[in-house]
Structure formats: structure tokens, C-alpha cells
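# Survey of secondary and tertiary structure
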Amino acid sequence: MKKWQEFLLWFVCFAFIYVAVEFIKTLAENGTLSKWTFALVALAMFVVGWIAAFIGAKSLKSKKTEKKNNWIVGLIYFVIVWSVCMTFDVMIYSLENNILNTYYFIGIGSALLFTGWACGRMETVLQKPKKRK
């Protein structure tokens, strides 16, 4: 798969997830779902995404997954970007709907701290580009 096709695929995945999350957010704002539903769905997707990223990073060390390395690295970067976007989206949603309290700020801060820690951890796991002579 060419680089632009891979980028297009990840862009489509990001757009699809964004549309699904916006739908849940709209239902929560209209009162069909509880106001907390959006935050809980975002938290569940955050946890599942990072579990998949860590499992993918662990599989990079296996010789069996050499053909899938680009997909796994793409997944890891996708989860990193998505985590930051979703965390700020939850924070903005919470501010607009007046459902913030001290524990919510601690949770959002913890999610951002975890994302930063995981990015640093992934730096040691991901392969460095080879130097050309």
C-alpha cells in the first residue's frame, strides 16, 4: 500500500470515529442520553484504544508481524492524536454543559498525563529510522 493510501485510510478512520462520537454527543446534548454518557463513551474508547496500541507495540518485537509494522505504527500514532483530540473535546463539552467538578479536572489531567507518558514509552518501543550513508 502506498503512503498516500495509508494516510487516506487513517484519515477515513479518524473521520468515521469522529462522526460516531459527535452523534453520541448530540444525543447527550438533546437529552436523549444522560450528560455523562459522552464522557463515559470517550473514556471507554480511550482505554480500548490504548490497550490496542500497547498490544500492537508489543507485537512489533515479534518476527511474525514484520509485514504489519506500518499498520501497527500507524495505529499507535492514530491513538496518540485521537487521545489528545478526544480529551480536549470532552473538556470543552463539559464546560459547555456545566458538569465539571474537581474530580473531572483530575480525570482529564490524568488522561493527558497518561497520553504524554505513553508517547514517551512508545518512543523506546518504535523503531528508529535507519541512517543513510
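Residues numbered from 1 in each chain as written. Predicted model: local features only at pLDDT ≥ 70, side-chain atom pairs only at ≥ 80, totals over all residues. Heavy atoms only, no water.

## Side note on the pattern of salt bridges
Working definition: two side chains of opposite charge can pair if their charged atoms are close together. Put simply, the rule is: Whenever a carboxyl oxygen of Asp or Glu lies within 4 Å of a side-chain nitrogen of Lys or Arg, that contact is scored as a salt bridge. Comment: elements are numbered from the N terminus, with helices defined as DSSP H or I runs of at least four residues and strands as E runs of at least two. Accessible area is worked out with a 1.4 Å probe on protein chains only. A residue is then buried under 20% of its type maximum, exposed over 50%, and partly exposed in between.
All told, the structure shown has two salt bridges when counted by the stated rule. The residue K25 makes a salt bridge to E22 at a minimum N-O spacing of 3.6 Å. One end of the pair is K25 and the other is E22, both in helix α1 (residues 3-30) and three residues apart, which spans about a single turn. Overall, K25 belongs to the buried group, its relative accessible area being 10%. As a salt-bridge pair, K25 and D89 come within 2.9 Å of each other at their nearest N and O atoms. In this pair, K25 sits in helix α1 while D89 sits in helix α3 (residues 69-96), placing the two residues 64 residues apart along the sequence. Among the charged side chains, a salt-bridge network with shared partners connects E22, K25 and D89.

## Considering the side chain of S94
Quick reminder of the rule: Side-chain atoms alone can form a polar contact between residues adjacent in sequence; in general such a contact is a pair of N or O atoms within 3.5 Å, and within protein one must be able to donate a hydrogen while the other accepts it. Contact criterion: two residues are considered in contact whenever any of their non-hydrogen atoms come within 4.5 Å of each other.
Inspection of the secondary structure puts S94 in helix α3. Among the polar contacts made by the side chain of S94, one reaches the side chain of Y104 at a distance of 3.2 Å. Excluding residues that lie within four positions of it along the chain, S94 makes contacts with I99, L100 and Y104.

## Describing α1
Because the α-helix completes a turn every 3.6 residues, residues three or four places apart line up on one side. This is how the line gets drawn: Here the expected span of a helix is defined as 1.5 Å times the quantity of residues minus one.
Over its 28 residues, α1 extends 40 Å from the first C-alpha to the last, a length consistent with the 40 Å expected when each residue adds 1.5 Å. Residues of α1 that are buried include every one of E6, W10, V21, K25 and A28, and no others. Against the buried residues of α1 lie α2 (35-59) and α3. G31 lies just past α1 and shows a positive phi near 95 degrees.

## Structural notes on the environment of L33
Secondary-structure assignment places L33 in the loop between α1 and α2. If near-sequence neighbours (up to four positions away) are discounted, L33 is found in contact with I24, L27 and A28.

## Brief notes about the packing of aromatic side chains
Definition in use: Pairing of aromatic side chains here covers Phe, Tyr and the six-membered ring of Trp, requires ring centres within 6.5 Å, and sorts the geometry by plane angle: under 30 degrees stacked, over 60 edge-to-face, intermediate tilted.
Scanning all chains against the criterion turns up ten aromatic pairs. Note on W50 and F114: the rings are 5.5 Å apart at their centroids and 90 degrees apart in plane angle, and the pair reads as edge-to-face. Of this pair, W50 sits in helix α2 while F114 sits in helix α4 (residues 102-125), and the two are 64 residues apart along the sequence. A relative accessible area of 2% means that W50 is categorised as buried. Among the aromatic residues, ring-to-ring pairing joins F46, W50, F54, F114 and W117 into one connected group.

## Quick look at the confidence of the model for the chain
To keep it simple, the criterion reads: What pLDDT reports is the predictor's confidence in each residue, on a scale of 0 through 100.
Per-residue pLDDT for the chain has a mean of 82; in total, 87% of the residues score no lower than 70. Looking across the chain, the model is least confident in α4, with a mean pLDDT of 82, and most confident in α2, with 86.

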